[in-house]
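# Examination of the molecular architecture
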Amino acid sequence: MVVTRKARLAVSAAAAMAATVSTAAWGAGQALATGPVPAPVDRRVAREADVSHHGHVSLWGRGLGIWLHSENHGPSNLASVTVRFRFSVPLSGRQEMPVECLQASARSVLCRTGPLRADGSAGRQLALELQLARRPDEVVVRIDTVWNGGATDRNPGNNRHEVLAPATDDEYVF
């Protein structure tokens, strides 16, 4: 006997239908436990970038200066990065800042870098001169990346810094 492909499919379909009907009849009045439907898998690969921030902090009287250089060592280009600066001493009211920065609170400032190319060649410079609410002996400045367009950064150590700057007018490098 020769079974054609079409006949084999018809028999398989009939068997599947019979199994479904008998299972439904057996479980009449009961909910059929089929388990959760798995969520579709997103097969896209997350972008990866290595953002780094370096520079220095200086404290004199009530003045606090921050000079920052941000780079991306790839492998993906980034449209922009948001850098956060947090201070152990509050700022004195509203500050005059570059257009790419805003004062988020009395103790923090957010700045965007603009595009960062993956080869590190087009780093961005930023300079802030802020006034503190009082004249401290020292200030701690914390610098970190809070947004990088959703890219994965497997080396976050070079974009998170904590700098202690005594009021000596010296530059403390990070």
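Each residue is numbered by its place in its chain's sequence as written, counting from 1. It should be noted that, the model being predicted, local features are given only for residues of pLDDT at least 70 and side-chain atom pairs only at 80 or more, the latter also being counted only at that level, while totals for whole chains, interfaces and linings use all residues. Just so you know, side-chain values use all the structure's heavy atoms and leave hydrogens and water out.

Let's shift gears to the side chain of Gln-103. Here a strand is any run of E in DSSP of at least two residues, a helix any run of H or I of at least four, and the numbering for each starts at the N terminus. Relative to the helices and strands, Gln-103 resides in strand 4 (residues 101-105). With a relative accessible area of 12%, Gln-103 lands in the buried category. Separated by 3.2 Å, the side chain of Gln-103 and the backbone oxygen of Gly-93 make a polar contact. Nitrogen and oxygen atoms within 3.5 Å of one another constitute a polar contact, given that in protein one can donate a hydrogen and the other can accept it, and given that sequence-neighbouring residues count only through two side-chain atoms. In this structure the side chain of Gln-103 is engaged in a polar contact, spanning 3.2 Å, whose partner is the backbone nitrogen of Gln-95. Relative accessible area decides the class of each residue, using a 1.4 Å probe on protein chains only: under 20% of the type maximum gives buried, over 50% gives exposed, and in between gives partly exposed.

What follows covers the nonpolar core. Leu-64, Ile-66, Phe-85, Phe-87 and Val-109 are the most contacted members of the largest nonpolar core, which has 30 residues in total. Elements with a minimum of two residues in this core: strand 1 (51-60), strand 2 (63-72), strand 3 (82-87), strand 5 (108-112), strand 6 (124-131), strand 7 (138-147) and strand 8 (160-166). Buried Ala, Val, Leu, Ile, Met, Phe, Trp, Tyr and Cys residues that are joined via side-chain atoms within 4.5 Å together make up what is termed a nonpolar core.

Both faces of the sheet carry side chains from a regular strand, because those side chains alternate between them. When DSSP finds at least two bridges between two strands, those strands are taken to pair. Pairing geometry for strand 4 and strand 5, over four bridges, is antiparallel. Residue pairing for strand 5: Gln-103 is matched across the bridge by Val-109. In sequence, strand 4 turns back onto strand 5 through a hairpin of two residues.

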